[in-house]
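Coordinate inspection notes
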Amino acid sequence: MFRFLNIVAVAVLVGSAVYAYEIKYSTLYQAEQLAKAKRDLARETDRVAMLKAEWAHIVAPDRIQTLADKYLGGQTLQLTQIVAAGAVPEKAARGDEIASKLSDLGLDAPTKTPSASGAPATPSKPAAAPKPSAPASAIKPPVKPAAPRQVKAER
């Protein structure tokens, strides 16, 4: 009986030591994570302070006045220069620049496309670029075909 109690006491002692070390290293890990978060916070706080200082420099009235004198020729703002947002003209739509360059070079002529059936090639005209009719958010991505089903052969 005495030996059994000694073995149980040693097991409890080893178990408590393992638990104490687990708590210690868990605490050290959490302390390192906290220190890292504090360093990151300090770095971001410094960055925000730097950006605020840059913004204060950019919007300084003396600097803006100097730039206005330099680039606007000392003109003052007139009330007739202020318009509503709806009065501003829309940006002109851009065309297909590559197609216009090819057409300027004379390369927009039909080309011969080989066929898969071995028949003689037929001339085909390059496809024109499609005109966007809907916003990009309304265009749905192409649907991928389903993978072929594998059928197990019965023996």
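Residues numbered from 1 in each chain as written. Predicted model: local features only at pLDDT ≥ 70, side-chain atom pairs only at ≥ 80, totals over all residues. Heavy atoms only, no water.

**Some thoughts on the overall build of the protein**
Helix and strand counts for the protein come out as three helices and two strands. Along its sequence from the N terminus, the protein presents helices and strands in the succession α-α-α-β-β. Among the 155 residues that make up the protein, the fraction classed as buried is 0%. Only carbon and sulfur atoms are counted for the fraction: they give 64% of the accessible area of the protein, which is about 15,500 Å². (Helix = DSSP H or I, 4+ residues; strand = E, 2+ residues; numbered from the N terminus. Buried < 20%, exposed > 50% of the residue type's maximum accessible area, 1.4 Å probe, protein only. Areas by Shrake-Rupley, 256 points an atom, 1.4 Å probe, with all protein chains shown as cover.)

**Considering a nonpolar patch on the surface**
The grouping of Met1, Phe4, Leu5, Val8 and Val12 at the surface amounts to a nonpolar patch, some 550 Å² of accessible area in total. Inspection of the secondary structure puts leucine 5 in helix H1 (residues 2-58). (Patch = residues over 30% accessible without salt bridge, like charges linked within 9 Å, V, L, I, M, F, W, Y side chains within 5 Å. Salt bridge = Lys/Arg side-chain N within 4 Å of Asp/Glu carboxyl O.)

**Remarks on the packing of aromatic side chains**
All told, the structure shown has one aromatic pair when counted by the stated rule. Here the aromatic rings of tyrosine 21 and tyrosine 25 are separated by 6.4 Å at their centres, their planes lie at 20°, and the arrangement is stacked. Taken as a pair, tyrosine 21 and tyrosine 25 lie in helix H1 at a separation of four residues, close to a single helical turn. One exposure class covers both tyrosine 21 and tyrosine 25, and it is exposed. (Phe/Tyr/Trp six-rings, centres within 6.5 Å; stacked < 30°, edge-to-face > 60°.)

**Quick word on the pattern of salt bridges**
Evaluated as defined, the whole model comprises one salt bridge. Where arginine 43 meets aspartate 40, a salt bridge forms, and the shortest distance between an N and an O atom there is 3.0 Å. Here arginine 43 pairs with aspartate 40, and both are found in helix H1, just three residues apart, close to one helical turn. A relative accessible area of 29% places aspartate 40 in the partly exposed class.

**Brief notes about the confidence of the model for the protein**
On average, residues of the protein carry a pLDDT of 79, and 73% of them reach 70 or more. Predicted confidence in the protein is weakest over strand S2 (residues 122-124), with a mean pLDDT of 54, and strongest over H1, with 95. (pLDDT = per-residue confidence, 0-100.)

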